[in-house]
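What follows is each chain in one-letter form.
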Amino acid sequence: MDDLSNFFKSLLQNIKGFFLQIKNRIPNLRWQLQNNKPLAFLCIAVLGILLFSSLKGLVKSSASADRKPLKVEVHTKVLAEEPMYKTVTLFGQTNAVAKIIVVNKYAGMITDVQKDLGDKVSAGDVLAQQDLKDINIQVNRAEADYKSYDAYTERYDATFNSNYQKYISEYNLKKTNFERYTELFKKGAVSKLALDEAEQQMLSAKANLDSLTSQKLYEGKPAYVAERAQRAEQRRNSMLLLENQRADMTIRAPRDGVITFRNAEAGSYVQAGSHLFTIVDNSSLHLDCQVSEYDAALLKTGESVSVLVESLGKTYPGKITFVSPDKSKETKNYLVRVALDKADGQLKSGMFAKGSLRFLQKEKALFINRSAVLELNGKQYAFVLGEDKKAHRKTIRPGIRNTEDLEIVSGLKAGDKVITDNVSRLREGLEVTDLGKKDEEK
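Cut-offs and rules
Residues numbered from 1 in each chain as written. Predicted model: local features only at pLDDT ≥ 70, side-chain atom pairs only at ≥ 80, totals over all residues. Heavy atoms only, no water. pLDDT = per-residue confidence, 0-100. Helix = DSSP H or I, 4+ residues; strand = E, 2+ residues; numbered from the N terminus. Salt bridge = Lys/Arg side-chain N within 4 Å of Asp/Glu carboxyl O. Buried < 20%, exposed > 50% of the residue type's maximum accessible area, 1.4 Å probe, protein only. Polar contact = N/O pair within 3.5 Å; in protein donor to acceptor, adjacent residues only side chain to side chain. Core = buried A, V, L, I, M, F, W, Y, C linked by side-chain atoms within 4.5 Å. Contact = heavy atoms within 4.5 Å.

Enquirer: I'd like a description of the confidence of the model for the protein chain, backed by residues and values.
Expert: Residues at a pLDDT of 70 or more form 79% of the protein chain, whose mean pLDDT is 83. Of all secondary-structure elements in the protein chain, the lowest mean pLDDT belongs to helix H2 (residues 37-66), at 55, while strand S6 (residues 126-130) reaches the highest, 97.

So this is what it looks like as structure tokens:
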């Protein structure tokens with residue numbers, strides 16, 4: 001109160017002296033100011049500046065007298081050997097078990113659309129129908145062509161079998177006749193001419209038989225028949241291709257799911273490969289996460305994970321189903337997949353979620369939070385609060401580390417009170433205010 005009273009007394013004295021000076025000079029100034037307006041404005045401005053400067057100096061001198069040096073407030077932790085844990089955080093977006101883009105294989109007119117956005121579908125359900133008039137004509141023509149060639153093949157096969165039986169019978173008959181003529185010729189009962197004629201008939205019959213039996217076989221059939229069968233098979237394949245094309249022009253759902261995209265309207269013409277529908281199967285969901293090699297080394301398939309979906313404010317149980325054995329060339333990280341065990345109607349694909357796992361790194365260790373470490377010129381330091389309430393800098397040698405904590409191998413000992421924050425504002429011997437442990441460490 002005394003300081004404030006002195007401040008106002010000094011202020012009033014300065015103002016009083018200022019106005020006395022003006023009063024003594026008013027008669028002389030009045031005439032000059034009335035006849036010189038620029039000089040009048042200049043005098044007013046100068047007087048204002050002088051008055052402002054006087055007030056500012058008084059306030060500053062008063063504030064300087066009252067100001068006291070502020071102490072840096074810090075939190076501390078008493079070092080002790082404790083189990084050191086590493087927390088691995090998994091973060092990513094939920095993904096449906098399948099997201100299928102349905103396209104049409106062939107260009108054509110759409111005649112009917114049977115499903116809309118939000119509809120649930122089962123595998124095989126008809127989504128849309130393309131015009132089948134032209135393809136039906138092509139299928140019928142190909143079927144008739146195949147049947148014609150198939151019948152042609154059957155006729156050749158029957159003719160071959162008939163000729164074979166005929167030629168083998170003729171050959172056996174001519175052979176027997178030649179053998180009989182040979183015996184009669186030996187007895188002088190027939191002439192040499194008759195024997196030669198019999199032999200010639202036998203050879204002619206054998207030549208006819210050989211023309212059939214000497215052909216190369218293809219799947220048990222002689223070339224004569226196999227050629228016709230192959231042509232019939234080509235016609236059959238052409239028919240089947242057209243039948244498949246006709247079936248593909250009925251657009252069906254490839255699996256169960258929900259329609260999330262539709263770009264098909266009855267009466268519209270679509271080019272081949274057009275994106276007509278998207279089907280999302282969210283009967284089960286999973287979380288794909290990117291982790292560092294240090295974290296990937298700790299994770300194993302089968303481990304349980306509790307996954308928080310922040311937009312829903314709900315936690316879902318999950319299990320690690322895959323840890324990539326190879327680092328991604330693009331992200332330089334490893335892919336980890338977490339399958340969510342109990343997906344409900346609220347959980348949707350594309351939501352951000354996170355989970356965490358805790359691993360024991362060392363059963364007993366002296367460690368501090370990494371925010372308590374100061375790095376300078378390639379060395380690492382920590383500040384200890386002494387009994388004199390002052391900060392003392394200690395050179396430390398670190399050991400194992402994780403995203404939060406750092407093991408202290410040397411430089412600190414159990415029982416030291418380590419300053420855990422505001423270390424960038426500290427210097428050797430600076431007196432500080434100790435706030436004790438942070439709330440999250442209590």
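Enquirer: Can you break down the pattern of salt bridges residue by residue, with the values?
Expert: Applying the stated criterion to the full structure yields 18 salt bridges. Where Asp-131 meets Lys-133, a salt bridge forms, and the shortest distance between an N and an O atom there is 3.2 Å. Judged by its relative accessible area of 27%, Asp-131 falls in the partly exposed class. Several salt bridges converge on common partners, so that one network encompasses Asp-116, Arg-262 and Glu-265.

Enquirer: Residue-level account of the environment of Glu-330, with values.
Expert: Following the sequence through the fold, Glu-330 ends up in the loop between strand S14 (314-323) and strand S15 (334-340). One polar contact links Glu-330 to Ser-328, side chain to side chain, over a distance of 3.3 Å.

Enquirer: Can you break down the nonpolar core residue by residue, with the values?
Expert: Core analysis: the largest hydrophobic core is formed by 23 residues, its most contacted members being Leu-90, Leu-299 and Ile-320. Secondary structure elements with two or more residues in this core: strand S3 (82-103), strand S12 (275-291), strand S13 (304-309), S14, S15 and strand S16 (352-365). Every residue in contact with Leu-299, bar those within four places of it in the chain, is listed here: Val-88, Leu-90, Val-291, Ile-320, Val-323, Val-336, Leu-357 and Phe-359. Ranked by size, the runner-up nonpolar core spans 14 residues in total, among them Val-102, Val-113, Ala-128 and Ala-253.

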